[in-house]
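Fold and geometry: a report
Read off the chains here:
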There are 2 protein chains.
Amino acid sequence: MTSFVVIGHLARTDGAFTLNDLPGSGGRMDILCRCVNASLFLSHDLRRDADCYLVLCGGPPPPKTIRFSGNEVRSLSPDERSAGALIKKALEIPAGSKFRDAAPGISVRKGGLEQLLNEYTFGVLDEKGIDIRKAEVFPDVFLLSDHLNFTDNEELQVKQCPRYSVGPVCIHADQTITIVQNELDRRRCGWV
Amino acid sequence: MTSFVVIGHLARTDGAFTLNDLPGSGGRMDILCRCVNASLFLSHDLRRDADCYLVLCGGPPPPKTIRFSGNEVRSLSPDERSAGALIKKALEIPAGSKFRDAAPGISVRKGGLEQLLNEYTFGVLDEKGIDIRKAEVFPDVFLLSDHLNFTDNEELQVKQCPRYSVGPVCIHADQTITIVQNELDRRRCGWV
């Protein structure tokens, strides 16, 4: 099982955004939709051994976390709007401190990075890390940020975590996930 | 300069689709939008040395080709809807046999794969190719298909072209482009 946790610094925590303007009204929710798809989609299939957690910090407070479980998710298509509609639906149900199902394979709770750090051991994806092709071991959970850098407080929270880089140029979060999945596919299949 | 040519077998050749339903009304235009973005986007920047050609075959006939030139394109955002709006705009201007500008860096002409094959030497991205990590040379132009296999006629047209694979599992076209760009970035920067 591989999980990706993506921090959406500006992403709204209520359903008050329009699918016709995911970047603006959703607080760059388009990025998070692409990250869900990069985490979970194969050609004509889903990665049943992958999860994607979206940490929405854009308010209104408190932050919320949405989990997409590849093993259970239904009715997800690879276009951004499809993931966006499911996120919107998840944000419209009352959220508590534990994950609550909003749709098959999609659940939501209050809380953000701090709770996740208490539950999992993370590896951080950023440009300062070691090359993933050279890494001997991988974490089960990868953390990455949206289009903004980690905040000072987030950096403090993850400063003990190992860091991994996917390449020499700075690319989008969803592209980073795609490259990690490719490296994992290769190792599983003896292609490295 | 690296170019990606993506065949959209069902993609409409007129502007008669809605941005609210790129997959259905556009003939899986969502796939082509993601391919444009995977070809051209870096984090907070564009790849000025990359082009993306979309070959739209979904009718009405004849097929059309839209070119996105990373060196000249403006007002492209990384969400699918942004690329979709520019494609729609390009399809609404009269197209001839030569590329005509529809917006900065975006041009359109009548014609499809056959014309491109007369102009460029292709490498084909598909699962039957050699591993890109092991390839000694790369073509300047990569051809790939959308969610459908190449047709028998397309296979015939490209049967002399070298083939490259990005990994052991079958993934989306845009994910494939992302992995090729990563391999090229690594080679340029001495990361391999």
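So, here's what we can say about the structure. (Residues numbered from 1 in each chain as written. Chains lettered and ligands numbered in written order. Predicted model: local features only at pLDDT ≥ 70, side-chain atom pairs only at ≥ 80, totals over all residues.)

Contacts between the two partners involve 28 residues from chain A, matched on the other side by 28 residues from chain B. Sorting the residues of the side of chain A that touches chain B by element identifies α1 (22-25), α2 (29-40), β2 (41-42) and α6 (173-189) of chain A as the ones contributing at least two each. Each residue belonging to the side of chain A that touches chain B can be placed in one class, and the counts come to 14 nonpolar, eight polar and six charged. (Contact = placed C-beta atoms within 7 Å. Helix = DSSP H or I, 4+ residues; strand = E, 2+ residues; numbered from the N terminus. Nonpolar A, V, L, I, M, F, W, Y, C, P; charged D, E, K, R; others polar.)

In this section: unusual backbone geometry. All names here are of chain A. The peptide bond linking G59 to P60 adopts the cis configuration, its omega dihedral lying at 0 degrees. In this structure, P60 sits in the loop between β4 (50-56) and β5 (64-69). For the bond from P61 to P62, the omega torsion is 0 degrees, close enough to zero to count as cis. By secondary structure assignment, the location of P62 is in the loop between β4 and β5.

The biggest cluster of nonpolar side chains holds 106 residues, and the ones touching the most others in it are V6, L32 and C35 of chain A together with V6, L32 and C35 of chain B. Not counting residues within four places of it along the chain, the set of residues in contact with V6 of chain A comprises L32, C35, L54, V55, L144, D146 and A173 of chain A. (Core = buried A, V, L, I, M, F, W, Y, C linked by C-beta atoms within 7 Å. Buried ≥ 20, exposed ≤ 12 C-beta atoms within 10 Å, placed from the backbone.)

Take the environment of K128 of chain B next. Residue and element names in this part refer to chain B. As for its placement among the helices and strands, K128 is situated in strand β8 (residues 122-131). For K128, a count of 8 C-beta atoms within 10 Å corresponds to the exposed category. Along the chain, K128 and R163 lie 35 residues apart, while their C-alpha atoms are 6.9 Å from each other. Apart from the residues lying within four places of it in its own chain, the contact partners of K128 are R163 and S165.

Okay, the relation of the copies chain A and chain B next. When chain A is fitted to chain B, the residual RMSD is 0.0 Å, and the transformation amounts to a turn of 180 degrees plus an axial shift of 0.0 Å. When the rotation and shift are considered jointly, the pair of chain copies conforms to a two-fold rotation axis. In terms of proximity to the rotation axis, the leading residue of chain A is I179 of chain A, whose C-alpha is 3.0 Å off the axis. Most of the interface of chain A is mirrored in chain B, where 100% of its interface residues again form contacts. (Least-squares fit on C-alpha atoms with pLDDT ≥ 70 in both.)

The N-to-C vectors of α6 of chain A and helix α6 (residues 173-188) of chain B enclose an angle of 80 degrees; their axes lie 9 Å apart at closest approach. When the axes of α6 of chain A and α6 of chain B are compared, the pair comes out roughly perpendicular. Each of Q175, T178, I179 and N182 of chain A in α6 of chain A lies in contact with α6 of chain B, whose residues at this interface are Q175, T178, I179 and N182 of chain B. Per-class residue counts for the contact of α6 of chain A with α6 of chain B are two nonpolar, six polar and no charged. (Axes fitted to C-alpha atoms, helices over the stretch in contact; angles between N-to-C directions. Parallel < 35°, antiparallel > 145°, perpendicular 65-115°, else oblique.)

In short, the description is geometric, and any link to function would need to be established separately.
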